Amino acid sequence: MNRDKALLAYVSRLGDNALILGQRMVELVAAYPELEEELANANFALDFIGQARMFYTYAAELEGKDRDEDDFAFLRDENEFRNFLLIEQPNGHFGDSVTKLVLFESFYLLLLEALGHCSDERVVAIAMRAEKEIRYHLRHNTQWLVRLGDGTDESHERVQASVDSLWQFTGEMFAPDDVDNVFEAEFGGPDLFSIREAWEANIAIVLADATLAMPGDQWMASGGKQGRHTEHLGYMIAEMQYLQRTHPGANW
Amino acid sequence: MVTIQISREQVLDWLSEVPDPEIPVLTITDLGILRGVTVNEEVVVELTPTYSGCPATEVIEQSVIDVLHKHGVENVSVKRVLSPAWTTDWISAEGRNKLREYGIAPPAEGASKRELLHGKHSIACPRCDSLNTAVVSEFGSTACKASYKCTDCLEPFEYFKCI
């Protein structure tokens with residue numbers, strides 16, 4: 001894989017993670033039982049969608065095929081999305097959503113910090129903008145994970161089950177493929193091995209605070225980064241893309 | 001078409017009329033999102049977004065174009081710059097006073113200090129200046145605000161989050 005292709009794939013993948021997670025959170029808008037969490041979720045979703053727009057706009061420019069951010073979001077098929085499997089998992093209950101966010105955002109924050117030192121100026125600019133937002137999210141979501149884990153017997157049991165069931169999707173985040181390797185070598189991109197070490201250390205502290213057990217080594221699901229998704233993504237994309245597929249070019 | 005020679009100062013002056021649509025007491029100059037103006041055959045205005053997903057970004061860009069058109073400047077383009085990322089430290093002293101008078105507690109200064117993000121500082125009530133205030137919600141009516149209340153005068157108020 002050459003340098004240009006790796007950059008395009010890398011940037012578009014960052015957009016995919018941000019968009020798919022943002023869209024998942026949009027599904028919960030107006031579903032929270034409490035106003036503070038309702039606002040938090042909507043604000044977080046907006047940050048992710050804003051980040052997706054910046055990554056996709058850049059990807060479209062790199063690609064140079066006269067496509068724009070909307071084409072990337074609404075006119076690509078399931079196997080063209082390269083987001084992590086973790087991101088596309090259904091929302092489940094509140095503990096599932098919080099756990100998913102903490103597992104992903106703990107990784108994403110480290111990744112964005114590392115991207116802030118890469119050699120592509122535009123990626124640096126977007127990463128440094130996004131990093132501030134994710135830091136704020138993570139503080140909030142971590143507090144919730146601790147509150148649920150160290151809460152009642154029932155909340156503890158249910159959120160431990162969330163950690164146990166989502167854990168299998170975390171390995172993929174740290175498994176470098178061609179795109180990661182070329183981006184690291186050519187653009188001074190993140191070293192996923194050291195990010196993994198830092199992530200494990202941070203997650204161990206959060207789980208200990210939450211009185212939750214950290215799952216041990218186990219089989220890890222993968223494929224999202226190559227476009228092989230779980231059954232959940234297709235349904236979500238079908239709903240998200242419905243309007244543009246049915247009425248191409250519709251706008252307001 | 002008649003070409004009128006306009007100065008950069010004149011353009012800056014006109015742009016200081018453009019309000020933030022979500023907090024209309026603030027102008028884009030107060031907010032610190034106006035990053036540059038170049039006047040040649042074309043007037044290029046550089047703006048930076050506050051948050052990635054701020055829905056006001058497009059509205060503000062259009063307002064900039066509209067205000068310059070209103071003053072007879074036809075050839076205008078708006079450039080979105082991302083780097084360096086906007087910080088609440090760029091809100092001017094005048095902007096901070098306007099926020100306080102409007103009932104929104106201005107952000108603490110020194111946003112680059114990470115500990116501020118962890119909320120380990122007191123926010124003064126914009127009504128009675130008491131430091132006995134409490135967070136009601138880390139989030140508010142827009143992405144840039146959190147909700148607080150004063151435990152002395154009991155006023156609920158918004159705090160412009162420090163980033």
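Residues numbered from 1 in each chain as written. Chains lettered and ligands numbered in written order. Predicted model: local features only at pLDDT ≥ 70, side-chain atom pairs only at ≥ 80, totals over all residues.

Residues and elements named next belong to chain B. According to the domain assignment, chain B contains domain 1 (8-80) and domain 2 (104-160). Taking only C-alpha atoms, the centre of domain 1 and the centre of domain 2 are 28 Å apart. Across the boundary between the two partners, domain 1 contributes six residues, which contact four residues of domain 2. (Domains from an automatic or database assignment. Contact = placed C-beta atoms within 7 Å.)

This part is about unusual backbone geometry. In this chain, Ser 83 of chain B is followed by Pro 84 of chain B through a cis amide linkage whose omega measures -5°. By secondary structure assignment, the location of Pro 84 of chain B is in the loop between β3 (76-80) and α4 (93-102). Backbone geometry places Thr 211 of chain A, a non-glycine residue, at a positive phi of 55°. Position of Thr 211 of chain A relative to the elements: it lies in the loop between α9 (192-209) and α10 (232-246). Taking the C-beta count within 10 Å as the criterion, Thr 211 of chain A has 13 such neighbours and is therefore assigned partly exposed. Look at Leu 154 of chain B: it is not a glycine, yet its phi comes out positive at around 70°. Looking at the secondary structure, you find Leu 154 of chain B in the loop between β6 (145-150) and β7 (156-160). Classification of Leu 154 of chain B as exposed rests on a count of 10 C-beta atoms within 10 Å. (Helix = DSSP H or I, 4+ residues; strand = E, 2+ residues; numbered from the N terminus. Buried ≥ 20, exposed ≤ 12 C-beta atoms within 10 Å, placed from the backbone.)

Moving on, we come to the packing of helix α5 (residues 94-115) of chain A against helix α7 (residues 153-166) of chain A. All names here are of chain A. The N-to-C vectors of α5 and α7 enclose an angle of 50°; their axes lie 9 Å apart at closest approach. The angle between the axes of α5 and α7 places the two elements in the oblique class. You can see that α5 and α7 cross each other, and the crossing is right-handed. Contact with α5, carried on its side by Gly 95, Asp 96, Thr 99, Lys 100 and Leu 103, involves Ser 155, Arg 158, Val 159, Ser 162, Val 163 and Leu 166 of α7 and no other residues of that element. A class-by-class count of the residues in the contact of α5 with α7 yields four nonpolar, four polar and three charged. (Axes fitted to C-alpha atoms, helices over the stretch in contact; angles between N-to-C directions. Parallel < 35°, antiparallel > 145°, perpendicular 65-115°, else oblique. Left-handed = near helix turned anticlockwise from the far one by under 90°. Nonpolar A, V, L, I, M, F, W, Y, C, P; charged D, E, K, R; others polar.)

Residues and elements named next belong to chain B. Within the secondary structure, Asp 66 sits in helix α3 (residues 56-70). Look at Asp 66 and you get exposed, because 12 C-beta atoms sit within 10 Å. For the pair Asp 66 and Cys 128, spaced 62 residues apart in sequence, the C-alpha to C-alpha distance is 39 Å.

A few words on the interface of chain B and chain A. On the chain A side, the residues contacting the 15 residues of chain B number 22 residues. Grouping the amino acids of the side of chain B that touches chain A by side-chain chemistry returns eight nonpolar, six polar and one charged.

Quick look at α3 of chain B now. Residues and elements named next belong to chain B. Helix length check: α3 (15 residues) gives 21 Å between terminal C-alpha atoms against 21 Å at 1.5 Å per residue, within 8%. Regarding α3, the residues found buried are Ala 56, Ile 60, Val 64 and Leu 68. Taken end-on, α3 shows its buried residues confined to a sector of 105°, consistent with a single buried face. Along α3, exposed side chains directed more than 90 degrees from the buried face belong to Glu 58, Gln 62, Asp 66, His 69 and Lys 70. Residues of α3 that are buried sit in contact with α1 (8-15), α2 (28-31), β2 (43-47) and β3. Just downstream of α3, Gly 72 is the residue with a positive phi angle, here 85°. (Expected span 1.5 Å × (residues − 1). Arc of directions from axis to C-beta.)

Okay, the environment of Asn 181 of chain A next. Mapped onto the fold, Asn 181 of chain A is located in helix α8 (residues 178-187). Spatially, the C-alpha atom of Asn 181 of chain A lies 9.7 Å from that of Met 1 of chain A, the residues being 180 residues apart in sequence.

Another point: α8 of chain A. When we look at burial in α8 of chain A, the residues that qualify are Val 179, Asp 180, Val 182 and Phe 183 of chain A. Packing partners of the buried residues in α8 of chain A comprise α1 (3-26) and α9 of chain A.

This part is about the pairing of β6 of chain B. Walk down a regular strand and you will see the side chains alternate between the two sheet faces. Residue and element names in this part refer to chain B. Judged from the four bridges that link them, strand β5 (residues 133-137) and β6 form a sheet pairing that is antiparallel. In the sheet register, Ala 134 faces β6, and the bridge partner there is Lys 149. Counted along the chain from β6 to the antiparallel partner β7, the turn is five residues long, and its residue Leu 154 has a positive phi close to 70°. (Pairing = 2+ DSSP bridges.)

Residue and element names in this part refer to chain B. Taken in spatial order, the four strands make up an open sheet running β4-β7-β6-β5, and their pairing is mixed. This sheet does not close on itself; its edge strands, each paired only once, are β4 (104-105) and β5. Where β4 meets β7, two bridges bridge the pair, whose relative direction is parallel. Counterpart to Ile 104 in the pairing with β7 is Glu 158.

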